[in-house]
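Each chain, letter by letter, is given below.
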Amino acid sequence: KDWLDIPMIVSPADMANPNIDEKSMMTYLSFFPKAMCNQGAPLGQNKQLNAGAVRVYGPALEDDVVSDTQTNFFIDATKAGNGEIGVGFSGPAQPKVNVVAKEGKPHDLQFLGTKPGDYDVTITFNGKEIPHSPVRVHVIPQPADASKVKIQGLHPTCKIGAVNNFMVIANQAGGSGFLEVGVCGPTQPCNQIFVEHTGNFQFDTKFVVVEKGTFLVSIKWHGEHVPGSPFDVKGQ
């Protein structure tokens, strides 16, 4: 009566009675085909919610993802009812995420992992975790690019018998950290080379030479010479 403006001339109890007057029933039912819902009628609000009907799929879940590269996957709740989707993350860093909601269509979750590693994505529907959650996004390092390595503090001359040092800055050069450093003198290699990873793909490099002359300092990142390598350094 409130939403269809149909008078209740037959009660629910009467409708369940097998001895109900047929003419009364036919009269009551005749109102429905032409009835129109009033504004504000709670249509669809009683639809059962089903977290088990939510599907998750897309490129980010099917292939490795390069760090600092945007990818995406879809959360399809179109058959699950009118519930709220929740998303949580755990991994090596906080990813950059944007969820694009599309009414009547799967949600588009845009994902960018800032550090390599495994990111677990927990997905809930109306507060209940969906099947197969959490799903995993595997982020790999960017391809190595030796041209982006920077060398700081390597001077054209070095002191004989003393510790000489320079920094290799490779935090923008991609790859997994394969650094090669060699120092070769006029008649023999240098006595000692120490390379310490100080964090964030930065390497403190120390070496000691014991003879005068020109030394070649070779620096490679993932098998490729960095800009300027090999460097000429004179021991004195």
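Quick caveat: nothing in here was measured; it's all calculated off a predicted structure. (Residues numbered from 1 in each chain as written. Predicted model: local features only at pLDDT ≥ 70, side-chain atom pairs only at ≥ 80, totals over all residues. Heavy atoms only, no water.)

1. Remarks on the layout of surface pockets
Part 1 of the reasoning: Put simply, the largest pocket is a space of about 360 Å³.
Part 2 of the reasoning: For the largest pocket, the lining is made up of 16 residues, of which S67, D68, T114, N171 and F201 are closest to its centre.
Part 3 of the reasoning: Residue classes in the lining of the largest pocket are distributed as five nonpolar, eight polar and three charged.
Part 4 of the reasoning: Within this model, the second largest pocket holds a volume of roughly 260 Å³.
Part 5 of the reasoning: If you go around the second largest pocket, the residues you meet are A77, T78, G81, N82, G83, I85, K102, E103, G104, K105, H107 and F125.
Part 6 of the reasoning: Its residues placed into classes, the lining of the second largest pocket shows three nonpolar, six polar and three charged. (1 Å grid on protein atoms, 1.4 Å probe; cavity = no way out; pocket = protein on both sides within 12 Å on 5 of 7 lines; lining within 4 Å. Points joined across faces, edges and corners; volume = space filled by probe spheres on them. Nonpolar A, V, L, I, M, F, W, Y, C, P; charged D, E, K, R; others polar.)

2. Concerning the nonpolar core
As a rule of thumb, nonpolar side chains are buried together in soluble globular proteins.
Part 1 of the reasoning: Counting residues in hydrophobic clusters, the biggest one holds 21 residues, and the most contacted among them are I219 and W221.
Part 2 of the reasoning: Listed by contribution, the elements that provide at least two residues to this core are β12 (164-169), β13 (179-184), β15 (202-208), β16 (213-221) and β18 (231-235).
Part 3 of the reasoning: Sorting elements by how many residues they give to this core places β16 first, with four residues.
Part 4 of the reasoning: One finds A60, I75, I130 and V139 within the second-largest nonpolar core, a separate group that totals 18 residues. (Core = buried A, V, L, I, M, F, W, Y, C linked by side-chain atoms within 4.5 Å. Buried < 20%, exposed > 50% of the residue type's maximum accessible area, 1.4 Å probe, protein only. Helix = DSSP H or I, 4+ residues; strand = E, 2+ residues; numbered from the N terminus.)

3. Describing unusual backbone geometry
Part 1 of the reasoning: Cis geometry is adopted by the peptide bond preceding P134, which originates at S133 and carries an omega value of 5°.
Part 2 of the reasoning: Within the secondary structure layout, P134 lies in the loop between β8 (128-129) and β9 (135-140).
Part 3 of the reasoning: In this model, S229 is joined to P230 through a cis peptide bond whose omega is 0°.
Part 4 of the reasoning: By the element assignment, P230 lies in the loop between β17 (224-225) and β18.

4. Considering the sheet that holds strand β1 (residues 55-57)
Part 1 of the reasoning: With antiparallel pairing, four strands are arranged side by side in an open sheet as β1-β3-β6-β5. Among the strands making up the open sheet, the edge pair consists of β1 and β5 (96-100). Along the sheet, successive strands turn relative to each other by an average axial angle of 20°, direction set aside.
Part 2 of the reasoning: Pairing between β1 and strand β3 (residues 71-76): three bridges, direction antiparallel. Of the residues in β3, the one forming a bridge with Y57 is F74. (Pairing = 2+ DSSP bridges. Axes fitted to C-alpha atoms, helices over the stretch in contact; angles between N-to-C directions.)

5. A closer look at the environment of Q94
Part 1 of the reasoning: Structurally, Q94 can be placed in the loop between β4 (85-90) and β5.
Part 2 of the reasoning: Residues Q94 and K115 lie 21 residues apart in sequence; the distance between their C-alpha atoms is 8.7 Å.
Part 3 of the reasoning: Ignoring any residue separated from it by four or fewer positions in sequence, one finds Q94 in contact with F89 and T114. (Contact = heavy atoms within 4.5 Å.)

6. Description of the side chain of N72
Part 1 of the reasoning: Its place among the elements puts N72 in strand β3.
Part 2 of the reasoning: Note on N72: relative accessible area 17%, which makes it buried.
Part 3 of the reasoning: Of note is the side chain of N72, whose polar atom sits 3.1 Å from the side chain of D108. (Polar contact = N/O pair within 3.5 Å; in protein donor to acceptor, adjacent residues only side chain to side chain.)

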